[in-house]
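Next come the chains, spelled out residue by residue.
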Amino acid sequence: MIKKQLRKAVIPAAGFGTRMLPFAKSVPKELIPLVDKPVLQYVVEEAVAAGADEILIIISSGKEAIIRHFETAVELEKRLAESGKTALLEEMQKLNHLADISFVYQQELKGLGDAVSMAKEFAGGDPVLILLGDTVMDSAVSRSVAGQLVDVYEKTGSSVVALEEVPDEKVSSYGIADGREIADGILKLSRLVEKPALADAPGRLAVAARYLFTPGIFTALAETLPGLHGEIQLTDAIVKLMQNESVYGCRIRGKRYDLGTPAGFVMANVEFALRRSDLHDTILERLKSVQ
Ligand code: G1P
C-alpha cells in the first residue's frame, strides 16, 4: 500500500449535547469556552498542529454558530482596528486563516459512525484524522495528541485510535479496546467493544476521542448496521475494518478534557485558568475561600 501524507481532518460536531442542556439548546456544545476560547477552536488548532490543512466540520441544523466562528467578522474587525485593539484584531484574523475549513450537515442524527460517513467525499481516498469536537487534548509532550497518531500512521500505514486507561466505573462509557503491545505504547488491536458492561469489557483501555483512518473505514461504515442505542457506531465500523486491515492503538501522552459534561467543563476551566498568569492568583484565592 502506498502511504499518503496526512492532510485532512474531520471534526464531528453534530450531536445535540444532551448532557449539557439547557446550555446546548441554543448554543452548540462545541462552542462552550475553555476560559475564553471555544473548545472547537482548540480542536481545530490540534488538527492543524498535526499537519492537517483541510478540515471538514460535520454539523447539524441549528448549529450554524459554528460556521460563523470560523468566518471573517467584518464589522468586528473594523471596530477592533478603529479602537486600536491590535492584538485582538490579529488574533481574529489568524482565526480566519487557520486552515481551509468546510462544513457538511448530518441530516439525521443517526450516530457517530453515520456522522463520520458524511466525510467520504471529502476524504476522497486519502487518510483522515477524526477529532471529536467536544474534547480537548492537552499533550504532555511537544507533539500534539493527534500528531502522536500521525506518527504511528507514518510508521505503520494503518489506521490508529487514541487510547487511554480508565477506571472500572468509567468502562461502560467508552469504546474499550484490547490488543498486543508491539512497541512502547503502541498496540495492534484485536478486540474493540462499544460501551461494554464491566464484566464483558476486554480491558480498561478506552478509545479517547481521536482517530486516524485509512479510506477502508468508509467501506466498513457503509456495511455497518445500527448497533448500541439503534445508532451507527463508529466502533462497530472499526471492528469491521479490523477484519480486513491492521488497526493500531496508541496510548496517548497527554490529558483528555471532555467538556461535554458539566463536571468536565467546570474542572477543565479551573485547570486552564490556573495556568494563566493573568488569572492564576485571583482564581486560586477565590477557590480557597469557597467550601
Ligand atoms: C464516543 C465513542 C466511544 C469513545 C468516546 C470517547 O462516545 O462512541 O467509543 O470511547 O466517544 O472518545 P460518546 O462519548 O460520543 O458517547
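See the structure above.
Residues numbered from 1 in each chain as written. Predicted model: local features only at pLDDT ≥ 70, side-chain atom pairs only at ≥ 80, totals over all residues. Heavy atoms only, no water.

Remarks on the packing of helix α3 (residues 74-82) against helix α4 (residues 86-96)
A pair of packed helices is characterised by two quantities: the angle between their axes and the separation of those axes.
Okay, so step 1: Close contact between α3 and α4 brings their axes to 9 Å; oriented N to C, the two are set at 150°. Considered as vectors, α3 and α4 are oriented roughly antiparallel to each other. Read as a crossing pair, α3 and α4 show a hand that is left-handed. The residues of α4 that touch α3, namely those facing L76, E77, L80 and A81, are L88, L89, M92, Q93 and N96.
Okay, so step 2: Split by residue class, the contact of α3 with α4 holds 6 nonpolar, 2 polar and 1 charged. (Axes fitted to C-alpha atoms, helices over the stretch in contact; angles between N-to-C directions. Helix = DSSP H or I, 4+ residues; strand = E, 2+ residues; numbered from the N terminus. Parallel < 35°, antiparallel > 145°, perpendicular 65-115°, else oblique. Left-handed = near helix turned anticlockwise from the far one by under 90°. Contact = heavy atoms within 4.5 Å. Nonpolar A, V, L, I, M, F, W, Y, C, P; charged D, E, K, R; others polar.)

Regarding the pairing of strand β10 (residues 186-194)
Okay, so step 1: Relative to β10, strand β9 (residues 175-183) runs antiparallel, the two sharing 8 bridges. The residue of β10 that forms the bridge with G175 is E194.
Okay, so step 2: Turn length for the β9-β10 hairpin, with the two strands adjacent in sequence and antiparallel, is 2 residues, and the turn residue G185 shows positive phi of about 80°.
Okay, so step 3: Of the pairings in the sheet, the one linking β10 to strand β12 (residues 247-251) comprises 3 bridges and is antiparallel in character. The residue of β12 that forms the bridge with L187 is G249. (Pairing = 2+ DSSP bridges.)

Re the side chain of R256
Okay, so step 1: Here R256 shows up in strand β13 (residues 254-258).
Okay, so step 2: One polar contact links R256 to E164, side chain to side chain, over a distance of 2.8 Å.
Okay, so step 3: One polar contact links R256 to Y174, side chain to side chain, over a distance of 2.8 Å.
Okay, so step 4: Each residue touching R256, except ones within four places of it in the same chain, is listed here: T135, V136, M137, E164, Y174 and A208. (Polar contact = N/O pair within 3.5 Å; in protein donor to acceptor, adjacent residues only side chain to side chain.)

Concerning α4
Okay, so step 1: Of all the residues in α4, the buried ones are L89, L95 and N96. What you see down the axis of α4 is that its buried residues fit within an arc of 120°, all on one side. Looking at α4, the residues exposed on the side facing more than 90 degrees away from the buried face are A87 and K94.
Okay, so step 2: Looking at the buried positions of α4, the neighbouring elements they touch are α1 (39-49), α2 (65-69) and α3. (Buried < 20%, exposed > 50% of the residue type's maximum accessible area, 1.4 Å probe, protein only. Arc of directions from axis to C-beta.)

Some remarks on the site of the ligand
Okay, so step 1: Residues in contact with the ligand, as listed here, are L112, L132, Y174, G175, E194, K195, V207, A208, A209, Y211 and T235.
Okay, so step 2: Contacts to the ligand include E194, whose side-chain N or O atom sits 2.7 Å from an oxygen atom.
Okay, so step 3: Protein coverage of the free-state accessible area of the ligand, which is 390 Å², stands at 79%.
Okay, so step 4: Take the shell around the ligand: its biggest share by element is 4 residues, from strand β11 (residues 205-213).
Okay, so step 5: Looking at the shell around the ligand residue by residue, the classes come out as 7 nonpolar, 2 polar and 2 charged. (Near = heavy atom within 4 Å. Areas by Shrake-Rupley, 256 points an atom, 1.4 Å probe, with all protein chains shown as cover.)

Observations regarding the packing of aromatic side chains
Okay, so step 1: Summed over the entire model, instances satisfying the criterion amount to 3 aromatic pairs.
Okay, so step 2: Between Y42 and F272, the ring centres sit 6.0 Å apart and the planes meet at 85°, which makes this aromatic pair edge-to-face. Of this pair, Y42 sits in helix α1 while F272 sits in helix α10 (residues 262-274); the two residues are 230 residues apart in sequence, bridging distant segments of the chain.
Okay, so step 3: The exposure class of Y42 is buried, given its relative accessible area of 18%.
Okay, so step 4: What makes F272 buried here is its relative accessible area of 11%.
Okay, so step 5: Residues Y211 and F213 carry aromatic rings whose centres are separated by 5.5 Å and whose planes lie at 25° to one another, so their mutual orientation is stacked.
Okay, so step 6: Y211 sits in the buried class, given a relative accessible area of 5%.
Okay, so step 7: According to the relative accessible area criterion, F213 is buried, its value standing at 0%.
Okay, so step 8: One aromatic cluster is present, built from ring pairs that chain together Y42, Y257 and F272.
Okay, so step 9: Over the aromatic face of Y42 sits the side chain of K37, whose NZ or CZ is 4.5 Å from the ring centroid. (Phe/Tyr/Trp six-rings, centres within 6.5 Å; stacked < 30°, edge-to-face > 60°. Lys NZ or Arg CZ within 6 Å of the ring centre and 35° of its normal.)

Side note on unusual backbone geometry
Excluding glycine, residues mostly carry a negative phi; peptide bonds, for their part, are mostly trans.
Okay, so step 1: The amide bond that connects L21 to the next residue, P22, takes the cis arrangement and shows omega of 5°.
Okay, so step 2: By the element assignment, P22 lies in the loop between β1 (8-12) and β2 (33-34).
Okay, so step 3: Backbone geometry places V35, a non-glycine residue, at a positive phi of 65°.
Okay, so step 4: The residue H229 is not glycine, and still its phi comes out positive at about 60°.

Overview of the pairing of strand β4 (residues 54-59)
Okay, so step 1: Counting buried positions along β4 gives 5 out of 6 residues, so the element sits mostly inside the fold.
Okay, so step 2: Taken together, the 5 bridges between β1 and β4 define a ladder with parallel strand orientation. Note on β4: the bridge partner recorded for A9 is I55.

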